[in-house]
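Coordinates in review
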Amino acid sequence: MPSSSYVSLFDSNMTTPALLPLSGRRIPTLSPGAASFPHHRATLRLSEKFILLLILSAFITLCFGAFFFLPDNSKHKISLYFAPFISPSTLISLPVPASEKHPHSVMLPPPSFTVGMVPGFLQAEEEESLRDKIRVDHERALQEAKEKLRKSRDELRAEIQTEKSKVVEDLKKKKEVPKPLPPVPMPKVVGVNDGDPVEPDVKEKRDKIREMMKHAWDSYRQYGWGHNELKPLAKKGHSTNIFGNSQMGATIVDALDSLYMMGLHDEFKDGQEWIEQNLDFSVNAEVSVFEVNIRFIGGLLAAYYLSGQEVFKVKAVQLAEKLLPAFNTPTGIPWAMVNLKSGVGRNWGWASAGSSILAEFGTLHMEFVHLTYLTGNPAYYQKVMHIRKLLAKMDRPNGLYPNYLNPRTGRWGQHHTSVGGLGDSFYEYLLKAWLMSDKTDTEARKTYDDAIEAIERHLIRKSNGGLTFIGEWKNGHLERKMGHLTCFAGGMFALGADGSPDDKAGHYLQLGAEIAHTCHESYDRTVLKLGPEAFKFDSGLEAVAVRQNEKYYILRPEVIETYWYMWRFTHDPKYRQWGWEAAQAIDKYCRVSGGFSGVKDVYSSNPTYDDVQQSFFLAETLKYLYLLFSSDDLMPLESWVFNTEAHPLPRENGVKLQHCRS
């Protein structure tokens with residue numbers, strides 16, 4: 001019924017309340033034929049009116065009295081009923097008992113009032129709506145709790161995992177858009193395609209290497225896609241602690257530039273799409289700063305320079321920013337590992353009382369110089385130059401760099417020097433920093449020359465059988481053992497021959513050739529014609545592994561790397577022949593239906609597999625083999641410098657990489 005049909009509950013001109021609608025304020029006429037009172041009873045007597053008035057008054061008093069004793073939430077409900085009749089500008093306040101904790105007033109309306117005059121009661125409606133919502137949510141939560149209690153532990157775990165995955169996806173969607181990088185000139189890139197050899201037999205060998213690459217990639221694509229590496233026998237993904245517990249697609253990033261050079265462009269596009277859609281560094285994973293730098297940052301930068309696709313540059317910079325907290329040490333020498341999410345760093349527990357490792361903190365320069373160039377952020381260049389300056393101030397026993405340095409104290413750890421594992425790429429990056437700067441970084445060249453002079457004096461020897469080898473210096477004693485990793489040095493000596501002091505270019509080219517020969521002998525003296533992890537030169541044994549844990553071959557590239565450099569500088573056909581022997585052995589003994597696997601004993605005619613296809617097999621081993629059977633105009637050394645994971649970065653050649661370094 002519309003509000004205009006009512007009169008007010010209290011009328012200022014009346015002494016008695018009027019509760020009936022206007023249409024019923026008169027007693028209706030009795031219908032004919034109905035039992036009726038006598039005519040003189042058509043109106044009520046005065047006494048009857050008085051009694052009726054008392055009854056009505058008592059009823060009203062009872063209603064309003066009951067209102068005062070209701071709880072607050074009930075009062076709000078009643079006030080909602082009266083809301084259409086009350087104007088905040090004309091309210092009459094009725095007091096409530098003083099015993100109430102918070103005094104209230106009951107607001108009753110005067111006459112002649114409309115709905116448009118009630119904004120004050122909207123708040124009460126909102127409060128009541130909120131209470132209703134809370135009540136519904138509470139009841140729903142109780143119901144959900146009851147349902148969960150009925151579920152099994154496995155069902156609950158599955159639900160929790162689903163919720164976690166949903167949160168991760170939401171975070172991915174909400175992550176901030178990266179800041180645009182400043183426009184910088186693209187360094188001149190040449191020789192990134194073709195390289196077809198003239199000789200048909202050489203081309204046939206190169207095609208075979210390309211087929212091996214496709215088999216390795218296709219197997220990973222089918223069985224390990226998105227994982228860091230592949231278990232080719234188990235046909236599933238694989239990872240190691242250097243990548244933490246995350247699936248970062250290490251093989252994809254590591255293989256990109258090899259795919260591009262070999263003309264496998266469909267495979268390259270597949271890798272690029274995965275990186276665009278899935279490569280995420282905001283993960284709670286503790287990774288090796290060194291390995292992530294050479295494989296991921298190096299691989300992404302190389303892919304960017306080869307293809308020009310911006311996504312690779314952007315991803316490289318995103319990752320580099322995650323590595324910077326590793327440098328937050330008292331000396332500025334970075335931790336070996338860093339958590340990509342929290343930025344917390346630490347060192348390997350086995351590394352000489354918590355020391356950082358020379359080959360790890362000394363193998364950042366090439367990538368970090370390019371990061372400063374591409375971002376305009378001098379921090380990257382400053383970090384690596386600080387390391388160089390710190391090392392220059394330190395005393396070096398016998399002119400040698402020990403493999404361990406404590407990042408807290410700035411003191412050397414155990415006096416162990418090696419050109420193989422733990423030390424190798426430190427010396428490599430000194431030389432390549434000079435080359436990458438278009439031979440203007442003379443400080444790097446001088447540091448390299450001094451280090452190689454000390455190595456020649458203390459570590460390089462010739463065996464009784466005439467094999468030149470590089471031993472390891474341990475606390476003043478030379479251990480006559482050489483590792484497979486050390487075999488890269490033959491190529492390094494050849495690469496650094498030009499520019500050597502005192503006209504020693506010929507000497508170092510010859511030294512490189514001698515190291516290549518020794519490493520070839522380590523291959524040739526095995527049953528499988530694949531080299532062991534380490535080999536000794538004592539007790540009548542030369543270039544042969546003694547311990548069982550040194551007899552394995554894990555698809556390493558260092559020997560083939562040296563063959564390639566020696567081929568480029570000498571064009572001696574024996575290096576292609578040695579490389580082809582190694583390629584045939586790999587294809588014969590390491591190839592399985594699900595990819596390529598390392599072997600545990602190169603001296604056994606029936607070896608067992610380690611069931612790991614390393615990412616560096618695609619990044620380095622197959623790439624160096626492909627380059628060995630290509631013409632010199634593919635990735636010419638006058639224009640490119642390869643990082644220690646075989647990822648090519650352009651030399652300055654007119655574009656000054658230093659222009660952002662200050």
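Residues numbered from 1 in each chain as written. Predicted model: local features only at pLDDT ≥ 70, side-chain atom pairs only at ≥ 80, totals over all residues. Heavy atoms only, no water.

**Topic: the overall build of the protein**
The test is simple: A helix here means a DSSP run of H or I that spans at least four residues, while a strand means a run of E at least two residues long, and both kinds are numbered starting from the N terminus. When a residue's accessible area, from a 1.4 Å probe over protein chains only, is under 20% of the maximum for its type it is buried; when over 50% it is exposed; and in between it is partly exposed. A contact between two residues is defined here by any heavy atoms of the two lying within 4.5 Å. All accessible-area figures derive from a Shrake-Rupley calculation using a 1.4 Å probe, and residue coverage is judged against the displayed protein chains alone.
Along its length, the protein carries 19 helices and 21 strands. Looking at the protein as a whole, 50% of its 662 residues are labelled buried. For the protein, long-range pairs separated by at least 24 residues make up 68% of all intrachain contacts whose partners lie at least 6 apart in sequence. With an accessible surface of roughly 32,400 Å², the protein has 55% of that area assigned to carbon and sulfur atoms.

**Remarks on the pairing of strand β16 (residues 534–538)**
Just so we agree on the cut-off: Strands pair, by our definition, only if DSSP identifies at least two bridges between them.
Burial within β16 is extensive, with four of its five residues counted as buried. Relative to β16, strand β15 (residues 481–483) runs antiparallel, the two being bridged by three bridges. Bridge pairing in β16 links Met-482 to Phe-535. Here three bridges tie β16 to strand β17 (residues 541–544), and the two strands are oriented antiparallel to one another. Bridge pairing in β17 links Lys-536 to Val-544.

**Some words on the packing of helix α6 (residues 250–261) against helix α19 (residues 615–628)**
Note the threshold: Angles shown run from 0 to 180 degrees and are taken between the N-to-C directions of axes, each axis being a line fitted to C-alpha atoms and, for helices, limited to the stretch in contact. Here roughly perpendicular refers to angles of 65 to 115 degrees, roughly parallel to angles under 35, roughly antiparallel to angles over 145, and oblique to all remaining angles. By definition, any crossing whose near helix is turned counterclockwise from its far helix by less than a right angle is left-handed, and any crossing with a clockwise turn is right-handed.
Orientation of α6 relative to α19, taken along the N-to-C sense of each, is 15°, at an axis distance of 7 Å. The angle between α6 and α19 places the two elements in the roughly parallel class. When you trace α6 past α19, the crossing you get is left-handed. Residues Ala-250, Thr-251, Asp-254, Ala-255, Asp-257, Ser-258 and Met-261 of α6 form the contact with α19, whose participating residues are Ser-615, Phe-616, Leu-618, Ala-619, Lys-623, Tyr-626 and Leu-627.

**As for the packing of α6 against helix α7 (residues 265–278)**
Quick note on the threshold: Gly is put with the polar residues, along with every residue not named as nonpolar or charged; the nonpolar set is Ala, Val, Leu, Ile, Met, Phe, Trp, Tyr, Cys and Pro, and the charged set is Asp, Glu, Lys and Arg.
Where α6 meets α7, the axes come as close as 9 Å, and the angle between the chain directions of the two elements is 150°. By the angle class used here, α6 and α7 are roughly antiparallel. Between α6 and α7 the crossing geometry is left-handed. Residue-level inspection shows Ile-252, Val-253, Leu-256, Leu-259 and Tyr-260 of α6 in contact with α7, the latter providing His-265, Glu-267, Phe-268, Gly-271, Gln-272, Trp-274 and Ile-275. Its residues assigned to classes, the contact of α6 with α7 comprises eight nonpolar, three polar and one charged.

**Here we look at unusual backbone geometry**
At Asp-503, a residue that is not glycine, the phi angle is positive and equals roughly 55°. For Asp-503, the position within the fold is in the loop between α15 (489–495) and α16 (505–524). Asp-503 gets classed as exposed once you look at its relative accessible area, which sits at 79%. Positive phi, normally seen in glycine, also occurs at Met-635, with a value near 55°. Looking at where Met-635 falls in the secondary structure, it is placed in the loop between α19 and β20 (640–642).

**So, the pattern of salt bridges**
Just so we agree on the cut-off: Salt bridges are identified by distance alone: a Lys or Arg side-chain nitrogen within 4 Å of an Asp or Glu carboxyl oxygen.
Across all of its chains, the model carries 34 salt bridges by this definition. Residues Glu-291 and Arg-295 are paired through a salt bridge, measuring 2.8 Å at the closest nitrogen-oxygen approach. Residue Glu-291 and its partner Arg-295 are both found in helix α8 (residues 289–307); the two are separated by four residues, about one turn of the helix. Taking the shortest distance from any N to any O, the salt bridge between Lys-439 and Asp-498 comes out at 3.2 Å. Here Asp-498 lies in the loop between α15 and α16 and Lys-439 lies in the loop between α13 (424–436) and α14 (442–458), a separation of 59 residues in the sequence. Using a relative accessible area of 33% as the deciding quantity, one classes Lys-439 as partly exposed. Connected through shared salt-bridge partners, Lys-208, Glu-211, Asp-587 and Arg-591 make up one network.

**Here's the deal with the UniProt feature "active site" (unreviewed entry) in the protein**
Condition: UniProt positions are given in the numbering used here, feature names are shortened, and annotations may be inferred rather than shown by experiment.
Under the present numbering, the feature "active site" (unreviewed entry) in UniProt falls on Glu-291, Asp-424, Glu-533 and Glu-558. Residues in contact with Glu-291, not counting those within four places in the same chain, are Ile-242 and Phe-296. Note that Glu-558 resides in helix α17 (residues 558–570). Leave out the neighbours within four places in its chain, and Glu-558 touches His-484, Leu-485, Cys-487 and Phe-488.

**Regarding helix α12 (residues 379–393)**
The condition that has to hold: Multiplying one less than the number of residues by 1.5 Å gives the expected span of a helix.
Taking 1.5 Å of rise per residue, the 15 residues of α12 would be expected to cover 21 Å, and the 21 Å separating its terminal C-alpha atoms lies within 8% of that figure. Considered for burial, the residues of α12 that qualify are Ala-379, Tyr-380, Tyr-381, Val-384, Met-385, Ile-387, Arg-388 and Leu-391. Looking at the buried positions of α12, the neighbouring elements they touch are α9 (310–323), α10 (358–361), α11 (365–375), β9 (404–405), α13 and α14.

**Some words on the sheet that holds β15**
Reading across the sheet, the three strands line up as β15-β16-β17 and stay open at both edges, with antiparallel pairing between neighbours. The two strands at the open ends of the sheet, each matched to only one other strand, are β15 and β17. If you compare each strand with its neighbour and ignore which way they point, the axes differ by 15° on average.

**Structural notes on the sheet that holds strand β14 (residues 477–479)**
Strand order in the open sheet made by the three strands is β10-β13-β14, with antiparallel pairing throughout. In the strand order of this sheet, the two ends are held by β10 (416–417) and β14, each with one partner.

**Looking at the packing of aromatic side chains**
In plain terms, the rule: Only rings of Phe, Tyr and Trp enter the pairing, Trp through its six-membered ring, and a pair is recorded when the two centres are within 6.5 Å. The plane angle decides the type: under 30 degrees is stacked, over 60 is edge-to-face, the rest tilted.
Tallied over the full model, the rule gives 26 aromatic pairs. Here the aromatic rings of Trp-217 and Tyr-220 are separated by 6.1 Å at their centres, their planes lie at 50°, and the arrangement is tilted. One end of the pair, Trp-217, and the other, Tyr-220, are both in helix α5 (residues 200–223), three residues apart, so they sit about a helical turn from each other. Neither Trp-217 nor Tyr-220 differs from the other in exposure class; each is buried.

**Regarding α6**
With 12 of 12 residues buried, α6 is to be regarded as a mostly interior element. Where α6 is concerned, the buried positions are Ala-250, Thr-251, Ile-252, Val-253, Asp-254, Ala-255, Leu-256, Asp-257, Ser-258, Leu-259, Tyr-260 and Met-261. Just beyond α6, the residue with positive phi is Gly-263, at close to 75°.

**Remarks on the confidence of the model for the protein**
Counted only if it meets this: The predictor's confidence in any single residue is recorded as pLDDT, a number from 0 to 100.
Within the protein, residue pLDDT values average 85, and 79% of them lie at 70 or more. Low pLDDT, under 50, characterises residues 1–42; the predicted model gives this stretch 22 contacts beyond four residues in sequence or across chains. Note that pLDDT drops below 50 for residues 73–119; the model gives that stretch 63 contacts with residues more than four away or on any other chain.

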